[in-house]
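One-letter residues, chain by chain:
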Amino acid sequence: MVRLNPNIPWKTRGNGAICFKVEKGKGKKTKIGKINNKDVFCYSDFSEIKNTDEIEKIIEDTINEFAWFEDDNTNSGFVLLKKQPDHKLYDKAVKDILTIDKIKSFLKEEKAVFKGYKNCRGLIGATCSIAWNPTKDKTFELIAYRKKDKWGSKRAVEPESVKKMDESIISTFDNFDYSNNHNRLVPSSPCPILFGIRGENVDDLVDAKKMIKSEEIDSWIIFESNQGTDEHLQRKKIIDVKSFESTILEGIVCKEPKTIQGGHVIFKIKDETGEIDCAAYEPTKEFRHVVRDLIVGDLLVVYGGVRKKPSTVNLEKIYVKNLKEKNVKVENPICPKCGKHMKSKGENQGFKCVRCKTKSDKPIIEKQERMIHTGFYEVPVCARRHLAKPLKRMHD
Ligand SMILES: [Zn+2]
């Protein structure tokens, strides 16, 4: 299950695509799910299937049965390829933009079996999910599905059991947002998914599923995934930032944070090539307290997506590299001759002793403790993007 560029305006909700290998399995088998009361295994070895006609028919029937074509954003597509495309194709789809034409001509060249529905955009994700080669980093997600008669109704997943699982199975992540009381296991859309548990380890996910108290599970399966890997991000200089990409930028705060209407907090950073706005939007909740504490001169590395011009980095996390000393004026200076406080001559005009007319431009300042310290800060679980790597997974 691959998530692609999260900043594409015409994407479906999570910009996700699913790929699986169809072969005749042999060798060591591992249970990875249960569908229609039948165990599902993946195998260490396989022998190739020659005839793909049957597979094509099953997939077409499945799409026709389940795809919600009335929704404008449903533009399904499926692709059958014998040879895995280069990983670079996936890399472009997770970081950048690919056109349908380019994908279609690639599929024709490769003599792929494919079908696009409506505007055919689904072909992009389908092709690029096959191209994903999880050699650098990957996670897993166990998805549990609801009984069909429950689809669209309120989900019964006990939050207390989710918290308990979250505390005891430490290789899972993004389960529960304690400060915002948000059960992240449960989707908010009326889809057939009951819950999804993200984690590092297949066996742990099976144990985690057992701990969740919920309505009856119809089917479940574990996906290998690029979720939580930061693979959408590109390290850049500010001048090179493009719309619809996600970026890692190092810069110095050059305009202090300001809270605008709607509760969004905006500030600016600069590097030797330019300046750019950074935003912690309202849904990022308490992360905004961190951002509000930034001052001009702080050195940061920011991580986030960029939408349309004018470019603004929609923050996913920040690394505070260096904090500028924050000095605040506590008192007017004291006259060295009279020992009395001087009077201000007006803003930025300096100070003057009322009795002996001695002048000074230096008020008494005090170093103020900063609320934030150097290190990483991330948005809370409730605002986390699928691809964003949680700090829990940052081990270097
Ligand atoms: Zn004086």
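Everything below is about the structure printed above this text.
Calculation notes
Residues numbered from 1 in each chain as written. Predicted model: local features only at pLDDT ≥ 70, side-chain atom pairs only at ≥ 80, totals over all residues. Heavy atoms only, no water. Disulfide = S-S within 2.5 Å. Buried < 20%, exposed > 50% of the residue type's maximum accessible area, 1.4 Å probe, protein only. Core = buried A, V, L, I, M, F, W, Y, C linked by side-chain atoms within 4.5 Å. Helix = DSSP H or I, 4+ residues; strand = E, 2+ residues; numbered from the N terminus. Pairing = 2+ DSSP bridges. Contact = heavy atoms within 4.5 Å. Polar contact = N/O pair within 3.5 Å; in protein donor to acceptor, adjacent residues only side chain to side chain. Donors = N, O, S within 2.8 Å, 3.2 Å for Na, K, Ca; no water. Salt bridge = Lys/Arg side-chain N within 4 Å of Asp/Glu carboxyl O.

(A) Here's a closer look at the state of the cysteines. Scanning the model with the defined rule gives zero disulfides in all. Take C254: it sits in no disulfide, and the sulfur closest to it among the cysteines is that of C278, at 8.9 Å. Residue C254 is classed as partly exposed on the basis of its relative accessible area of 23%.

(B) Here's a closer look at the nonpolar core. Counting residues in each nonpolar core, the largest one holds 25 residues, and the members touching the most others are F267, I269, V302, L315 and I318. Only β14 (246-259), β15 (265-271), β16 (274-280), α7 (287-292), β17 (299-306) and β18 (312-322) provide two or more residues apiece to this core. Core analysis: the second largest hydrophobic core is formed by 24 residues, M165, I169, L185 and I212 among them.

(C) Seen up close, the sheet that holds strand β21 (residues 351-352). The three strands lie next to each other as β20-β21-β22, forming an open sheet whose pairing is antiparallel. Edge strands, defined here as strands with exactly one partner in the open sheet, are β20 (343-344) and β22 (359-360). For β21 and β22, the ladder comprises two bridges, and the chain directions are antiparallel. Within β22, the residue paired with F351 across the bridge is S360.

(D) Quick peek at the environment of S225. Inspection of the secondary structure assignment puts S225 in strand β12 (residues 217-225). Overall, the relative accessible area of 0% leaves S225 in the buried class. The sequence separation of S225 and V2 amounts to 223 residues, and the corresponding C-alpha distance is 5.5 Å. When sequence neighbours within four positions are dropped, the list of residues in contact with S225 reads M1, W132, K138 and T139. Separated by 3.1 Å, the side chain of S225 and the backbone oxygen of M1 make a polar contact.

(E) Looking closely at the side chain of S171. With respect to the helices, strands and loops of the structure, S171 is situated in the loop between α5 (159-168) and β8 (172-173). Take S171: its relative accessible area is 15%, and that puts it in the buried class. A distance of 2.6 Å separates polar atoms of two side chains, one belonging to S171 and the other to D204. The residues contacting S171, other than those within four sequence positions of it, are G199, E200, N201 and D204.

(F) Local environment of the coordination of the zinc ion. Ligation of the zinc ion by protein atoms is provided by C335 (SG), C338 (SG), C353 (SG) and C356 (SG), these donors lying 2.2 to 2.3 Å from the ion. Read in sequence order, the donor residues coordinating the zinc ion give the pattern C-x2-C-x14-C-x2-C. C353 gets classed as buried once you look at its relative accessible area, which sits at 3%. C356 sits in the partly exposed class, given a relative accessible area of 27%.

(G) Layout of the sheet that holds strand β11 (residues 193-199). Taken together, the six strands give an open sheet; going across it, the order is β4-β3-β12-β7-β11-β8, and neighbouring strands pair in antiparallel fashion. Where the open sheet ends on each side, the last strands, each with one partner, are β4 (38-47) and β8. Summarising the sheet, strand β3 (residues 24-35) and β4 pair through nine bridges and their orientation is antiparallel. Its bridge partner being in β4, G33 is matched across the sheet by V40.

(H) Focus on the pattern of salt bridges. For the coordinates displayed, the defined rule picks out 30 salt bridges. In this structure, the salt-bridge partner of D207 is K210, at a minimum N-O distance of 3.9 Å. Taken as a pair, D207 and K210 lie in helix α6 (residues 202-211) at a separation of three residues, close to a single helical turn. We classify D207 as partly exposed; its relative accessible area is 38%. Two residues, E250 and K321, come together in a salt bridge whose shortest N-O distance is 3.1 Å. Here the residue E250 occupies a position in strand β14, and K321 occupies one in strand β18, the gap between them amounting to 71 residues. Three or more residues are tied together by salt bridges with common partners; here these are D137, E200, K389 and R393.

Functional significance is not addressed by these values, which are geometric in nature.
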